[in-house]
Amino acid sequence: MNAIQWGGKPGGRRRGLLVSVVTGLLALPLTAYAQTSQEQVPVKPLPVPTGVVPLPQQAPPTTPLGPVPKPALPLPKPSQPLMSSPGLDALQSYLQGKPVTIDQAVAIALGTNRELAQAVAALLTAEGRTEEARTAFNPTVGVSAQITEFNRGNKASFGGLTLPLLYTFNPVVVAQATLPLDVFGTLKAAKTQAQFQEVAARLEVNRIRNQIVFQVRNAFYQVLQARAQLAVAADTLHTTLLRLDTAQKSYAAGVSPRFDVIQSQTDVAAAQDAYLRAQQQLSLSLTNLKNVMGLSISAPLEITDAGAVTTPPGVPLYTAAPQNAPTTAPSGETNAGGGQTTLSPDEQMRRIMPGAATLAEEGIGGGKPLTVSDPLNLGPEYQKLVQEALHQRPEILEAEAQIDAAKAGLTLANASELPTFGLGFSYTLNPNAAGFTLFNQAAVTLNVNIPIWDGGLARARREAAHGQLAQAQVAYRNAVDLVSADVRQAYINLIQAQERVAVANVTLAQAQEAYRLAQVRYNAGVSQQQGVSPILELSTTQTSLTQAESDQVAALYAYNIARAQLDAALGRAAFVGQEPGYASAPSTKEVPPAK
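Considerations on the overall build of the protein
In step 1: Helix and strand content of the protein: 11 helices and 8 strands.
In step 2: Scored against the burial criterion, the 595 residues of the protein give a buried share of 37%.
In step 3: Across the protein, contacts joining residues at least 24 apart in sequence account for 82% of those joining residues at least 6 apart.
In step 4: Within the structure as shown, the protein displays about 33,300 Å² of accessible surface, and the carbon and sulfur contribution to it stands at 57%.

Quick look at the structure:
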């Protein structure tokens, strides 16, 4: 399997510009832009058009992508699952400071994925219930004692002989052994049902494992795709800046109309908006990959495409030539306003992508694997929002309550093999008492039951309770990760929506100016390009203006929707002093009972 080739051989002025653009995609220290030779990049000629695209004649490969790797981390005991998703520090010895490959991502997920942990915990519960059903056939042995104190005794006298009929203090001890007889097959049916439920739970583990492998691979490829799209968006943005620079110099020299500058500015704004969207998509794709792998959402994950990407057999990947190289423009160092020195395209790129740094042929033309990391640094504000959500999202508090309930269930299971005690009070009134029967009688009774051998029932119940507790703990971890992912996505959406409003405003202003210039030319009966009807030019600019107005409206309301989404992700409407439910978020880990 070969890594994606992102360009041709090293060299060429355009390639150096492309390297400068894509540098913003990695959070590396800012260094000087690489200088390359002046050789022209050889461009592979397009296939000769034949009218029909030649398609592969052989069937696509259906062999396995590779063996399923072993878990990167030792699997925790079913009764002791991970209480929180690990970060990269727990994988240092496994990764050795290198980016994660696709096989390593699968291996990590097989040890940390939450769904797999949930399935393993459910299997433990099923095994406990199967054992509980088996114990129904076992004999049980126990001792019970009953001590009764009556308010008065009873006796009978025959001549000079007095016989006691009832003592005031009356202790009774009973030893009992029981062997169940399954005459109608009820116990056997219950055992068979539990056994098949355990089989289903075990097969569920296999299903989840198969599903995890695909989900990780799918999420991994989505990250690589988003990274490639971001590189395209960055290249397009750099190209539009070069074109704007050429238009500004040409206008300053008096050889191009102002309309060219307006149109180039519009193209830059559109390319910047596309870059922001691609940047957002890459960050969210990485978040989804960490979520599927079972890693902490805040883990600074880096991946590499080494050994991950292949091309179909018989269909060699066509390497596109670089986009337009900078065109030669009349000399001029001032902008249309005159007097102020314009920023070079590279300097403008540094402003648009503040963290830009040289890739030094990494993944571009050099044949080296591509390394992908999150392009967004959300800062400390994001961490504050996550903590706010973890303290007040009902899902987190509900998961904590389920853990407390499961712990109580485990305590109950442990108590099933302990002695039980009971204290009773009674008063008997018999108006028609005859013979040796008392008219009235009061009694206090103390009952003690001591299980000596319960056939393994307590052990089976304890195993099932451990499984239920493990499921509750995995559910809590799942809630924490999902809430963290919700907050991250909502916060990224808000940041990007805010920036798109600014871009939409500029685009609208430029579209309005372009439409004004087109109206002036239309009224004068001339057009910008020879042979183009003035009415066609006016219609085109009006369509662009309408689209810009629509984009501004969409950006504005997307920003407001993003704010509402962030409030929901933080759980700010969950506890607002209204009932039923809790009027305010519980302040302790142990959730108090509802009123």
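Quick word on helix α9 (residues 394-415)
In step 1: The first and last C-alpha atoms of α9 sit 32 Å apart over 22 residues, in line with the 32 Å expected at 1.5 Å per residue.
In step 2: Looking at α9, one finds that the buried residues are Ile396, Leu397, Ala399, Glu400, Ile403, Ala406, Leu410 and Ala413.

Brief notes about the nonpolar core
In step 1: With 50 residues, the main nonpolar core has Ile108, Val216, Phe220, Leu289, Met293, Leu301 and Ile303 as its most contacted residues.
In step 2: With 18 residues, helix α5 (residues 186-252) is the largest single contributor of residues to this core.
In step 3: Setting aside its immediate chain neighbours within four residues, Val216 contacts Ala105, Val106, Ala109, Leu289, Val292 and Met293.
In step 4: Core analysis: the second largest hydrophobic core is formed by 32 residues, Tyr382, Val483, Val487 and Leu566 among them.

Focus on unusual backbone geometry
A negative phi holds for most residues other than glycine; trans holds for most peptide bonds.
In step 1: With phi around 55°, Gln96 is a residue other than glycine that occupies positive phi space.
In step 2: Examined against the element boundaries, Gln96 turns out to sit in the loop between α2 (92-95) and α3 (102-112).

Section: the pattern of salt bridges
In step 1: Tallied over the full model, the rule gives 18 salt bridges.
In step 2: With a closest N to O distance of 2.4 Å, Glu513 and Arg258 form a salt bridge. Taken as a pair, Glu513 in helix α10 (residues 457-524) and Arg258 in helix α6 (residues 258-293) lie far apart in primary sequence, 255 residues in all.
In step 3: Owing to a relative accessible area of 35%, Arg258 belongs among the partly exposed residues under this scheme.
In step 4: For Glu395, the salt bridge identified is with Arg393, shortest N-O distance 2.9 Å.

What counts as what
- Residues numbered from 1 in each chain as written.
- Predicted model: local features only at pLDDT ≥ 70, side-chain atom pairs only at ≥ 80, totals over all residues.
- Heavy atoms only, no water.
- Helix = DSSP H or I, 4+ residues; strand = E, 2+ residues; numbered from the N terminus.
- Buried < 20%, exposed > 50% of the residue type's maximum accessible area, 1.4 Å probe, protein only.
- Contact = heavy atoms within 4.5 Å.
- Areas by Shrake-Rupley, 256 points an atom, 1.4 Å probe, with all protein chains shown as cover.
- Expected span 1.5 Å × (residues − 1).
- Core = buried A, V, L, I, M, F, W, Y, C linked by side-chain atoms within 4.5 Å.
- Salt bridge = Lys/Arg side-chain N within 4 Å of Asp/Glu carboxyl O.

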